[in-house]
Amino acid sequence: QVQLVESGGGVVQTGGSLTLSCKASENILSADAMGWARDAPGKQREWLAHMSRLGVIQYADAIKGRFTITRDNAKDTVYLHLNNLKPEDTAAYLCYWQVLSKNTWGQGTQVTVSS
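Before going into details, it helps to say that this report is about the structure given with it.

1. Some details on the overall build of the chain
A count of helical and extended segments in the chain gives 0 helices and 11 strands. Computed over its C-alpha atoms, the radius of gyration of the chain comes to 13 Å, within 12% of the 13 Å expected for a compact globule of 115 residues. Across its three principal directions, the C-alpha atoms of the chain cover 40 × 25 × 25 Å. A total of 115 residues make up the chain; the buried ones form 43% of that total. Contacts in the chain between residues at least 24 apart in sequence constitute 53% of all its contacts with a sequence separation of at least 6. For the chain, the exposed area adds up to about 6,100 Å²; of that, 49% sits on carbon and sulfur atoms. Once the 11 positive and 10 negative side-chain charges of the chain are each reduced to a mean point, those two points are 2 Å apart.

As structure tokens, this is what we get:
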């Protein structure tokens, strides 16, 4: 089973930026798609961004225009670039690996936005 390791989280002030990384143990083009979601206390997991093997990208309306998903195939890594962060973006950010509509999740990386 593929292993996913997220990194890049931290504490940032309102309006700041972060880049999160998700390193896969396998060739990321083996997946049908990869993407990102987040877990905030007291809330359901929120899907954020999705990139198919062919590079088709989708974003949740809540983060469209502020977050960007990219990938580096040579490094088997998917990124989530977070800009103009707000306190409500505070959450654990997780990446997923999707094959035949089944997701494998990483452990997550914490992002905390201070006001």
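2. Observations regarding the packing of aromatic side chains
On inspection of all chains with the given rule, the structure shows 2 aromatic pairs. We note Arg45 situated over the ring of Trp105; from NZ or CZ to the ring centre the distance is 4.4 Å.

3. A short note on the sheet that holds strand E1 (residues 4-7)
Overall, antiparallel pairing links the 4 strands, which are arranged E1-E3-E8-E7 in an open sheet. Strands with a single pairing partner mark the edges of an open sheet, and in this sheet they are E1 and strand E7 (67-72). Between one strand and the next, the sheet's axes are offset by a mean angle of 20 degrees, whatever the strand orientation. Two elements, strand E3 (residues 18-24) and strand E8 (residues 77-82), share 6 bridges in a ladder whose sense is antiparallel. Within the sheet, the bridge partner assigned to Ser21 lies in E8 and is Tyr79.

Rules used in this analysis
- Residues numbered from 1 in each chain as written.
- Predicted model: local features only at pLDDT ≥ 70, side-chain atom pairs only at ≥ 80, totals over all residues.
- Heavy atoms only, no water.
- Helix = DSSP H or I, 4+ residues; strand = E, 2+ residues; numbered from the N terminus.
- Rg over C-alpha atoms; globule rule 2.2 N^0.38 Å.
- Buried < 20%, exposed > 50% of the residue type's maximum accessible area, 1.4 Å probe, protein only.
- Contact = heavy atoms within 4.5 Å.
- Areas by Shrake-Rupley, 256 points an atom, 1.4 Å probe, with all protein chains shown as cover.
- Lys, Arg positive; Asp, Glu negative; His and termini not counted.
- Charge placed at Lys NZ, Arg CZ, Asp CG, Glu CD.
- Phe/Tyr/Trp six-rings, centres within 6.5 Å; stacked < 30°, edge-to-face > 60°.
- Lys NZ or Arg CZ within 6 Å of the ring centre and 35° of its normal.
- Pairing = 2+ DSSP bridges.
- Axes fitted to C-alpha atoms, helices over the stretch in contact; angles between N-to-C directions.

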